[in-house]
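Descriptive structure summary
Read off the chains here:
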Amino acid sequence: QVQLVESGGGLVQPGGSLRLSCAASRSIFSFYVMGWYRQAPGKQRELVATITTSGGTTNYADSVKGRFSISRDNAKNTVYLQMNSLSPEDTAVYSCNGRTQFYDYWGQGTQVTVSS
């Protein structure tokens with residue numbers, strides 16, 4: 001089965017930036033769409049951004065549009081999430097998702113904490 005491993009999380013100051021990576025154990029073309037989700041304490045998991053693996057079409061949650069950017073490097077089997085202008089509201093566990101017709105694959109999650 002396909003393994004997804006996230007990295008790049010950590011503690012940053014408000015206004016700072018982080019770049020998350022999601023590395024797949026094989027070609028990301030295994031998935032039609034990949035995305036990032038997040039879950040903050042006491043809140044539901046929410047979709048942050050998605051990207052199609054072939055065409056690179058993206059979509060974003062309104063709360064992150066203009067600040068976050070999702071991208072992919074097919075040769076490296078990796079999807080990225082560039083996060084800029086971070087605020088404490090962005091604090092959450094961020095998880096990578098890869099979707100096929102019948103199954104969703106998930107990484108283990110990486111913690112992002114935005115605090116002064």
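Preceding this section is the structure that the text describes.
1. A word on the overall build of the protein
Regarding its fold elements, the protein presents zero helices and eleven strands. Helices and strands appear in the protein in the N-to-C order β-β-β-β-β-β-β-β-β-β-β. The C-alpha atoms of the protein give 13 Å as radius of gyration, which agrees with the globular expectation for 116 residues (13 Å, within 12%). Taken over the C-alpha atoms alone, the protein extends approximately 40 × 25 × 25 Å along its principal axes. Across the protein, contacts joining residues at least 24 apart in sequence account for 54% of those joining residues at least 6 apart.

2. Considerations on the pairing of strand β1 (residues 4-7)
Alternating residues of β1 divide into Leu4 and Glu6, all buried, and Val5 and Ser7, none buried. With four bridges connecting them, β1 and strand β3 (residues 18-24) associate as antiparallel partners. Paired with Leu4 across the bridge in β3 is Ala24.

3. Points about the packing of aromatic side chains
Summed over the entire model, instances satisfying the criterion amount to three aromatic pairs. Measuring from ring centre to ring centre gives 4.8 Å for Tyr103 and Tyr105, while their planes differ by 70°; the resulting arrangement is edge-to-face. Put simply, the rings of Phe31, Tyr103 and Tyr105 pair up and form one aromatic cluster. The ring of Tyr80 has Arg19 lying over it, and the distance from NZ or CZ to the ring centre is 3.9 Å.

4. A look at the environment of Ser115
Relative to the elements of secondary structure, Ser115 occurs in the segment after β11 (110-114). A relative accessible area of 35% means that Ser115 is categorised as partly exposed. Each residue touching Ser115, except ones within four places of it in the same chain, is listed here: Leu11, Val12, Gln13 and Pro14.

5. A look at the environment of Ala92
Residue position: Ala92 is located in strand β9 (residues 92-99). Spatially, the C-alpha atoms of Ala92 and Gln13 are 14 Å apart, while their sequence positions differ by 79 residues. In this structure Ala92 touches Arg38, Gln39, Ala40, Thr110, Gln111 and Val112, once residues within four positions along its chain are discounted.

About the criteria used
Residues numbered from 1 in each chain as written. Predicted model: local features only at pLDDT ≥ 70, side-chain atom pairs only at ≥ 80, totals over all residues. Heavy atoms only, no water. Helix = DSSP H or I, 4+ residues; strand = E, 2+ residues; numbered from the N terminus. Rg over C-alpha atoms; globule rule 2.2 N^0.38 Å. Contact = heavy atoms within 4.5 Å. Buried < 20%, exposed > 50% of the residue type's maximum accessible area, 1.4 Å probe, protein only. Pairing = 2+ DSSP bridges. Phe/Tyr/Trp six-rings, centres within 6.5 Å; stacked < 30°, edge-to-face > 60°. Lys NZ or Arg CZ within 6 Å of the ring centre and 35° of its normal.

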